[in-house]
Amino acid sequence: LERSQLANEVIVVRDGAQALDYLMRQGEYAERPEGNPAVVVLDLKMPKVNGLEVLQKVRETPHLRSTPVVMLTSSEEESDVVRSYELGVNAYVVKPVEFRQFVAAIADLGIFWAVLNEPPPGSKKAKRSPS
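Residues numbered from 1 in each chain as written. Predicted model: local features only at pLDDT ≥ 70, side-chain atom pairs only at ≥ 80, totals over all residues. Heavy atoms only, no water.

Draft legend 1. Examining the overall build of the protein more closely. From N to C terminus, the protein includes four helices and three strands. When its helices and strands are written in sequence order, the protein yields α-β-α-β-α-β-α. For the protein, the residues scored as buried account for 43% of the 131 residues in total. Accessible area for the protein stands at about 8,000 Å²; split by element, carbon and sulfur atoms hold 52% of it. (Helix = DSSP H or I, 4+ residues; strand = E, 2+ residues; numbered from the N terminus. Buried < 20%, exposed > 50% of the residue type's maximum accessible area, 1.4 Å probe, protein only. Areas by Shrake-Rupley, 256 points an atom, 1.4 Å probe, with all protein chains shown as cover.)

Next comes the structure, spelled out in structure tokens:
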């Protein structure tokens with residue numbers, strides 16, 4: 001994402017519980033500035049709280065409901081795709097196996113969701129850094 005020259009800060013968390021703490025502004029993130037991310041990228045197989053559970057909580061929370069969520073995962077299981085869309089995911093992306101393709105896919109995701117996509121009110125719109 002940094003190579004895509006996105007000016008906004010990228011927050012990386014270790015597990016689904018930490019993702020929920022960040023999004024809900026609780027625990028170690030209770031003092032983070034207000035506002036929703038331009039996009040949330042989840043993995044189905046996150047530890048502690050899986051991606052589907054995080055997605056469900058995001059869609060149940062009024063101030064997060066319209067935040068774009070992308071499921072980025074290695075699973076091509078039809079049931080995972082169906083369940084993600086039933087819970088309101090905006091996009092489901094299967095991680096490419098080859099590293100360069102993975103890096104390119106992440107860059108494309110970042111550019112689309114943070115720069116090209118018009119975010120809902122209350123979200124932080126990313127800005128491109130001057131080249």
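Draft legend 2. Spotlight on the sheet that holds strand β1 (residues 40-42). With parallel pairing, three strands are arranged side by side in an open sheet as β1-β2-β3. At either margin of the open sheet sits one strand with a lone partner, and together these are β1 and β3 (91-94). For this sheet, the mean angle separating the axes of adjacent strands, direction not counted, is 25°. As paired strands, strand β2 (residues 69-73) and β3 are joined by four bridges and run parallel to one another. Counted as the bridge partner of Leu72 is Val93 from β3. (Pairing = 2+ DSSP bridges. Axes fitted to C-alpha atoms, helices over the stretch in contact; angles between N-to-C directions.)

Draft legend 3. Local environment of unusual backbone geometry. We note that Arg25 has phi near 55°; this positive angle belongs to a residue other than glycine. Structurally, Arg25 can be placed in the loop between α1 (16-24) and β1. With relative accessibility at 30%, the residue Arg25 sits in the partly exposed group. Although it is not a glycine, Lys48 adopts a positive phi angle of roughly 70°. If you trace the backbone, Lys48 turns up in the loop between β1 and α2 (51-60). Taking the relative accessible area as the measure of exposure, Lys48 reaches 71% and is therefore exposed.

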